[in-house]
Amino acid sequence: MTPERETTRERTPAGATATPRSRTRLDQPRPPRRRLLPEYDPEAFGRLSERIARFLGTGRFIVWMTVVIIAWVLWNIFAPRAVRFDNYPFIFLTLMLSLQASYAAPLILLAQNRQDDRDKVNLEQDRKQNERSIADTEYLTREIAALRIGLGEVATRDWIRSELQDLVKELDVRHDGHVVFPAERSAVRDADDR
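What you are looking at is a predicted structure, and each value in this text was computed from that prediction instead of being measured.

**What about the overall build of the chain?**
When its secondary structure is counted, the chain shows 6 helices and 0 strands. For the chain, the sequential pattern of α-helices and β-strands runs α-α-α-α-α-α. Relative to its 194 residues, the chain shows a buried fraction of 10%. The contacts in the chain between residues at least 6 apart in sequence include a share of 48% that link residues at least 24 apart.

Shown next as structure tokens:
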């Protein structure tokens, strides 16, 4: 390299005493960029489109639209020529109705898409709830079946009483009508067990 090139070229500092270059930090978000299009809240726009679509689907809208069109036509037919703004073929009225339709259709579609999304979420929640209900019902059915089986093996108070009465009668019959007192019964039972 020639010495004159070294003087014109800026050197980047290196080493421990060098000042660090500005680096972009990865742990912090970038500052917002300027955009050509205006920013908007999609949720707020969706709510507005739903309100407009709800209004467009009412009888009130049809009545107001009919009143405006009739007033428009009557004004442009019977008003003095100097104040008329849309003569007989009513081209401006046609343009306004086309403009209204071109905005109404996408807004209605947007509202329907939002409603479809809500319906999908509700359907998924209903499906999960039904699955939980079915699982709970199956679990309870198994528990009831297990309890019934368990109760079939459990000796009830009435069953034990009847068994004891049968044993007492059997012991009474063995001793040929001889009355056996409880102490003697246990002695007889011990002798029978041997």
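This is not the end of the story, as more comes after the structure.
**Here's the deal with a nonpolar patch on the surface**
Together, Trp 75, Val 83, Phe 85, Phe 92, Leu 95, Met 96, Leu 99 and Tyr 103 give the surface a local cluster of nonpolar side chains, amounting to about 800 Å² of exposed area. With 5 residues, helix α4 (residues 91–153) is the largest single contributor of residues to the nonpolar patch. Counting through the fold element by element, Tyr 103 comes out in helix α4.

**Some points on the packing of aromatic side chains**
The geometry of an aromatic ring pair is captured by the separation of the ring centres together with the interplanar angle, meaning the angle of the planes. Under the defined criterion, the tally for this structure stands at 5 aromatic pairs. On the basis of an interplanar angle of 65° and a centroid distance of 5.9 Å, the ring pair of Tyr 88 and Phe 90 is categorised as edge-to-face. Feature note: the residues Trp 72, Phe 85 and Phe 92 constitute an aromatic cluster, connected by ring pairs.

**Let's talk about the side chain of Ser 49**
Structurally, Ser 49 can be placed in helix α2 (residues 42–56). In this structure Ser 49 comes out as buried when scored by relative accessible area, which is 1%. Among the polar contacts made by the side chain of Ser 49, one reaches the main-chain carbonyl oxygen of Gly 46 at a distance of 2.7 Å. With near-sequence residues (within four places) excluded, Ser 49 lies in contact with Leu 107, Leu 110 and Ala 111.

**A look at α4**
Taking 1.5 Å per residue, 63 residues should reach 93 Å; α4 reaches 92 Å between its end C-alpha atoms and fits that length. Residues Leu 93, Ala 104, Leu 107, Ala 111 and Arg 114 constitute the buried set of α4. Those residues of α4 that are buried lie in contact with α2 and α3 (59–78).

**Thoughts on the pattern of salt bridges**
A complete count under the given rule lists 6 salt bridges for this structure. Between Arg 118 and Glu 50 there is a salt bridge, with its nearest N and O atoms 2.9 Å apart. Highlighted residues: Arg 118 in helix α4 and Glu 50 in helix α2, separated in sequence by 68 residues. Using a relative accessible area of 34% as the deciding quantity, one classes Arg 118 as partly exposed.

**Thoughts on the packing of α3 against α4**
Running from N to C, α3 and α4 cross one another at 160°; their axes reach a closest spacing of 11 Å. Classed by the angle they form, the pair α3 and α4 counts as roughly antiparallel. In this structure, the crossing between α3 and α4 has a hand that is right-handed. Counted together, Phe 61, Met 65, Ile 69, Trp 72 and Val 73 of α3 and Phe 92, Leu 93, Met 96, Leu 97 and Gln 100 of α4 form the full contact between these two elements. Among the residues making up the contact of α3 with α4, the classes are represented as 9 nonpolar, 1 polar and no charged.

**Description of unusual backbone geometry**
Despite not being glycine, Phe 90 shows a phi value in the positive range, around 50°. For Phe 90, the position within the fold is in the loop between α3 and α4. Classification of Phe 90 by relative accessible area gives buried; the value is 12%.

**Section: the packing of α2 against α4**
Between two packed helices, what matters for the description is the angle formed by their axes and the separation of those axes. α4 packs onto α2 with a crossing angle of 110° between their chain directions and a minimal axis gap of 8 Å. Considering their axes alone, α2 and α4 lie roughly perpendicular with respect to each other. Judged by the twist between their axes, the crossing of α2 over α4 is left-handed. Facing α2, whose interface residues are Glu 43, Phe 45, Gly 46, Arg 47, Ser 49, Glu 50, Ile 52, Ala 53 and Leu 56, α4 presents Gln 100, Ala 104, Leu 107, Ile 108, Leu 110, Ala 111, Arg 114, Gln 115 and Arg 118. A breakdown of the residues in the contact of α2 with α4 according to their chemical character gives 9 nonpolar, 4 polar and 5 charged.

About the cut-offs
Residues numbered from 1 in each chain as written. Predicted model: local features only at pLDDT ≥ 70, side-chain atom pairs only at ≥ 80, totals over all residues. Heavy atoms only, no water. Helix = DSSP H or I, 4+ residues; strand = E, 2+ residues; numbered from the N terminus. Buried < 20%, exposed > 50% of the residue type's maximum accessible area, 1.4 Å probe, protein only. Contact = heavy atoms within 4.5 Å. Patch = residues over 30% accessible without salt bridge, like charges linked within 9 Å, V, L, I, M, F, W, Y side chains within 5 Å. Areas by Shrake-Rupley, 256 points an atom, 1.4 Å probe, with all protein chains shown as cover. Salt bridge = Lys/Arg side-chain N within 4 Å of Asp/Glu carboxyl O. Phe/Tyr/Trp six-rings, centres within 6.5 Å; stacked < 30°, edge-to-face > 60°. Polar contact = N/O pair within 3.5 Å; in protein donor to acceptor, adjacent residues only side chain to side chain. Expected span 1.5 Å × (residues − 1). Axes fitted to C-alpha atoms, helices over the stretch in contact; angles between N-to-C directions. Parallel < 35°, antiparallel > 145°, perpendicular 65-115°, else oblique. Left-handed = near helix turned anticlockwise from the far one by under 90°. Nonpolar A, V, L, I, M, F, W, Y, C, P; charged D, E, K, R; others polar.

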